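# A structural walkthrough
Given next are the chains, with one letter for each unit.
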Amino acid sequence: MSRTNRNFMIAYAVLVVLPIAGLFGVLKHGRSLAAPISVDGVWRLQADSNQLAALPCGSSLASTQYVAVTISQSGKNFTLSLNNGPKATSSGVLEGTTLKAAVLPSAAWASQEGCGTDHVLTLNATVDPKSEPRTLAGLLTVNDCPSCAPVELRAVREGQDGGKKSH
Amino acid sequence: MPNLFTLVLQIAVILAVCRVVGTLFLKIHQPRVVGEMFAGIMLGPSLLGWIAPQISAYLFPPSSLGFLNALSQVGVVIFMFLVGLGINPKELKEQGHAAVLTSHVSITAPFVLASFLSIYLYPKLSDDSVAFTSFALFMGAAMSITAFPVLARILTERDMLQSRLGTVAIACAAVDDVTGWCILAYIVLLIRSAHIATPIWLTVGGLIAFALIMIYVVRRLLQRFETIYRERGAVSENVMALMLLLVLASALCTEWLGLHLLFGAFLMGAIMPKEPKFVRYVLDRFETITVTLLLPLFFAFTGLRTNIGLVKGQEMWIYCALIILVATTGKLGGSMLASWLAGMPIREAAGLGTLMNTRGLMELVILNIGLDIKVISPALFSMMVIMALFTTFMTSPVLELICPEKLIRAVPKQVPLPQLDLKADGSAA
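These lines cover the structure that appears in this document, whether it is placed above or below.

Criteria and thresholds
- Residues numbered from 1 in each chain as written.
- Chains lettered and ligands numbered in written order.
- Predicted model: local features only at pLDDT ≥ 70, side-chain atom pairs only at ≥ 80, totals over all residues.
- Helix = DSSP H or I, 4+ residues; strand = E, 2+ residues; numbered from the N terminus.
- Rg over C-alpha atoms; globule rule 2.2 N^0.38 Å.
- Buried ≥ 20, exposed ≤ 12 C-beta atoms within 10 Å, placed from the backbone.
- Contact = placed C-beta atoms within 7 Å.
- Nonpolar A, V, L, I, M, F, W, Y, C, P; charged D, E, K, R; others polar.
- Pairing = 2+ DSSP bridges.

## Brief notes about the overall build of chain B
- Scanning chain B from terminus to terminus reveals 18 helices and zero strands.
- Whereas a compact globule of 429 residues would reach a radius of gyration of roughly 22 Å, chain B reaches 21 Å, a difference of no more than 12%.
- Once the C-alpha set of chain B is aligned to its principal axes, its extents read approximately 65 × 60 × 50 Å.
- Each of the 429 residues in chain B was classed as buried or not, and the buried ones make up 54%.
- Restricting the contact set of chain B to residue pairs at least 6 apart, pairs at least 24 apart contribute 81%.

## A closer look at the interface of chain B and chain A
- On the chain A side, the residues contacting the 41 residues of chain B number 33 residues.
- Breaking the side of chain B that touches chain A down by element, the ones donating at least two residues are α6 (89–125), α7 (132–144), α9 (164–192), α14 (313–341) and α17 (378–402) of chain B.
- Per-element tally for the side of chain B that touches chain A: the top contributor is α6(B), with 16 residues.
- Looking at the side of chain B that touches chain A, its residues break down into 26 nonpolar, eleven polar and four charged.

## Structural notes on the pairing of strand β6 (residues 121–128) of chain A
All names here are of chain A.
- Side-chain alternation along β6 places Leu-121, Leu-123, Ala-125 and Val-127 on a buried face and Thr-122, Asn-124, Thr-126 and Asp-128 on a face that remains uncovered.
- Where strand β5 (residues 98–103) meets β6, six bridges bridge the pair, whose relative direction is antiparallel. Each bridged residue has a counterpart across the sheet, and for Lys-100 the counterpart in β6 is Asn-124.
- Strand direction decides the pairing type here: β6 and strand β7 (residues 135–142), joined by eight bridges, are antiparallel. Each residue of the ladder has a partner; that of Val-127, found in β7, is Leu-136.
- A loop of six residues connects β6 with β7, the two strands running antiparallel in sequence.

As far as function goes, none of this settles anything; it's purely spatial.
If you want it as structure tokens, here you go:
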């Protein structure tokens with residue numbers, strides 16, 4: 001083997017082969033890492049329509065046969081948008097299996113119901129990571145409204161494989 | 001049925017904005033394509049949707065985006081064919097050991113650094129539906145890609161294509177793209193196999209058989225295109241249509257086998273005859289409509305999926321800065337180190353590193369695939385788009401700063417790189 005070829009082999013081993021070996025180490029180590037629970041996808045909300053109708057800004061939600069919510073997740077943060085009924089988008093945070101989001105009625109939603117845009121609906125729910133399809137259960141409350149009774153709700157994720165790893 | 005008025009209006013607005021922004025970018029010595037990428041972001045929720053939500057909702061209602069996406073994907077399929085067509089493996093062979101080392105380091109360095117960064121980012125920006133292996137490999141592939149077409153455009157505009165730096169950069173970028181797409185194919189297979197009933201060995205076997213047929217059978221048949229061109233000095237419309245049909249058939253095969261349309265289109269381009277005049281002829285026929293009409297639609301569609309608003313708060317911007325830092329250190333630093341060790345003068349090596357750090361359009365293509373298969377989250381997608389824009393935008397000014405044109409053109413490609421001859425202390429001989 002010529003000197004040039006030998007040097008090439010050494011340089012190649014140090015700069016290419018060694019890092020690739022390191023990559024395998026990283027991949028092995030990474031398997032032990034835990035990422036936030038998956039809540040990404042379309043969820044079908046189920047709640048008592050009478051209780052929903054009693055909430056300020058809640059009658060639109062109650063009048064819809066079912067409300068679908070799309071959650072777009074990025075780690076612990078997510079955005080939540082109502083697919084039917086009143087259109088609204090909000091953001092929330094995931095802490096462990098607890099999901100918290102605040103939905104501020106849009107101007108169109110508020111004017112339709114005559115409820116004002118200052119009624120913040122807070123969703124506080126717990127995700128069941130073992131259920132298939134994935135489900136969540138929690139409460140929908142209205143901020144600054146002591147007389148408003150919290151509404152219990154459940155949701156089932158549609159068209160997902162319940163947090164099954166993609167690999 | 002698509003609302004034709006909305007669709008035509010969308011196309012008209014996208015074309016107008018892309019042309020205007022592209023022209024403005026030309027004035028600041030940036031390739032037009034960089035301006036068009038920015039134009040796409042401007043039309044999305046990051047700017048138009050933020051400052052004029054009503055106009056944005058009227059122009060791009062969610063129900064219409066499927067048609068826009070379909071059109072833009074047709075453009076990307078043809079574009080990937082053109083990228084494959086432009087790649088010539090002989091160019092790398094001519095460069096010898098130094099280019100082989102540089103190209104391979106320019107892949108492994110950002111790839112490994114990205115996988116290290118994934119350890120930090122995975123618990124913060126991903127979720128448990130994505131395996132760490134898929135996440136880390138995708139991040140590696142996305143950071144190690146080089147925008148071969150944008151690179152060629154920059155080199156052409158700076159009249160550097162015939163310089164030593166230009167030829168080494170083109171050869172290395174070609175290797176990077178082929179390798180990057182092979183890795184991405186593996187990741188897509190890994191992820192899609194979890195959701196389809198077909199066993200993975202059947203999918204892999206099918207793909208290997210398909211690739212072998214393409215390389216050893218179809219490739220020989222494709223030589224006929226070049227023969228026709230050589231004999232007649234042109235190719236009839238029927239022959240061009242046949243070529244396009246073959247591209248679509250190849251794309252459909254890889255999609256049907258469980259991979260992605262784009263891999264088939266790229267492979268068809270890669271096995272096409274490489275006679276320079278023939279390649280130029282085919283590029284000229286396809287490029288105009290693809291580059292002026294269809295790619296801007298892709299930029300706009302990418303922009304509509306990019307929401308810089310998701311990168312909010314100090315923490316998220318730190319992640320974004322880390323991504324840019326790691327991508328640049330790995331790609332620019334890795335290529336520079338390897339080419340300098342291989343004997344390239346330090347300024348030229350820095351210039352090569354800067355050129356290899358151009359990610360541009362190819363990065364956007366890969367990121368869209370990543371978002372489609374949900375291996376990256378929307379916030380991470382937005383951060384990676386920012387990284388792609390940043391690294392592509394920085395290429396021209398940094399190159400001018402560290403590697404002035406007159407210096408580069410002074411070293412034509414006929415001047416070979418010194419033979420790889422490392423001294424004991426690791427410095428280049």
